[in-house]
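Residue-level structural notes
Chain residues, written in single-letter form:
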Amino acid sequence: MHVKTKDTVIVISGKDKGKKGKISASFPKLNRVMVEGVNVVTKHQKARNAMTPGGIIHKEMPIDASNVMLVCPKCGKATRVAHKVDKTQNDSGKSVRTMVRVCKKCGAEID
Ligand SMILES: [Zn+2]
């Protein structure tokens, strides 16, 4: 996915279009993300016992990752990300290739 947990994203479609939030959980297999304050549903819950009283609860539901755009932490703009291969050395001095995400607007590395 182009986004991951703790990224700040902006919603680009659906009922929460334009909302900004932080990804609180991601589900790569489902291509879905949970964003703080986004896609909050209201549930009416019955009281089960004294410890869990009934009432209206608000719960965030995951949304499709394609409905969000990453907000670049460097330039603050909603952006598409490019992936580039970076060569780094691991502990034993062997060079390893890692993928880093790059902001298409300002060119900053995001990871
Ligand atoms: Zn940027």
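Everything discussed here concerns the structure shown above.
Numbering of residues starts from 1 in each chain and follows the order in which that chain's sequence is written. With the structure being a predicted model, the display of local features is reserved for residues of pLDDT at least 70 and the display and counting of side-chain atom pairs for 80 or more, all residues being used for whole-chain, interface and lining totals. Excluding hydrogens and water, the side-chain figures rest on all heavy atoms present in the structure.

1. Overview of unusual backbone geometry
In this structure, K6 takes a positive phi of about 80° despite not being glycine. Mapping K6 onto the fold places it in the segment before β1 (8–11). For N39, which is not glycine, the phi dihedral falls at a positive 55°. Under the DSSP-based scheme used, a helix requires at least four consecutive residues in state H or I and a strand at least two consecutive residues in state E, with every element numbered from the N terminus. Mapped onto the elements of the fold, N39 is located in the loop between β3 (32–35) and β4 (40–45). Accessibility here uses a 1.4 Å probe with only protein chains present; expressed as a share of the type maximum, an area under 20% marks a residue as buried, one over 50% as exposed, and anything in between as partly exposed. Overall, the relative accessible area of 17% leaves N39 in the buried class.

2. Structural notes on the coordination of the zinc ion
Binding of the zinc ion to the protein goes through C72 (SG), C75 (SG), C103 (SG) and C106 (SG), at separations of 2.3 Å. Here the term donor refers to an N, O or S atom within 2.8 Å of the metal (or 3.2 Å for Na, K and Ca), and because water is left out of the atoms, sites may appear incomplete. If you list the donors of the zinc ion from N- to C-terminus, the spacing comes out as C-x2-C-x27-C-x2-C. Of the two residues, C72 is situated in the loop between β7 (68–71) and β8 (78–79) and C106 in the segment after β10 (95–103); the sequence distance between them amounts to 34 residues. Note on C72: relative accessible area 2%, which makes it buried. Judged by its relative accessible area of 40%, C106 is partly exposed.

3. Comments concerning the pairing of strand β2 (residues 20–27)
Strands are treated as partners if at least two bridges between them are detected by DSSP. As defined by bridge partners, β1 adjoins β2 across three bridges and the pair is classed as antiparallel. The residue of β2 that forms the bridge with V9 is G21. Sheet topology places β2 next to β3; four bridges connect them, and they run antiparallel. Note on β3: the bridge partner recorded for F27 is R32. Here β2 folds back onto β3, and the loop between the two strands holds four residues, one of which, N31, carries a positive phi near 55°.

4. Quick notes on the sheet that holds β1
Spatial strand order, β6-β3-β2-β1-β7-β8: six strands in an open sheet with antiparallel pairing. Two strands close off the open sheet at either side, each with one partner strand: β6 (63–64) and β8.

5. A closer look at the environment of K6
Its relative accessible area of 65% is what places K6 among the exposed residues. Along the backbone, K6 and S24 are 18 residues apart, and their C-alpha atoms lie at a distance of 6.2 Å. Residue contacts are defined here by distance: any two heavy atoms, one from each residue, within 4.5 Å place the two residues in contact. Once residues within four sequence positions are removed from consideration, K6 is found in contact with K22 and I23.

6. With respect to the pairing of strand β9 (residues 81–89)
Note on strand geometry: in a regular strand, side chains alternate between the two faces of the sheet. In this sheet, β10 lies alongside β9 in antiparallel orientation, the contact comprising nine bridges. Note on β10: the bridge partner recorded for V81 is C103. Hairpin connection, β9 to β10: the antiparallel pair is bridged by five residues, and G93 has positive phi, about 80°.

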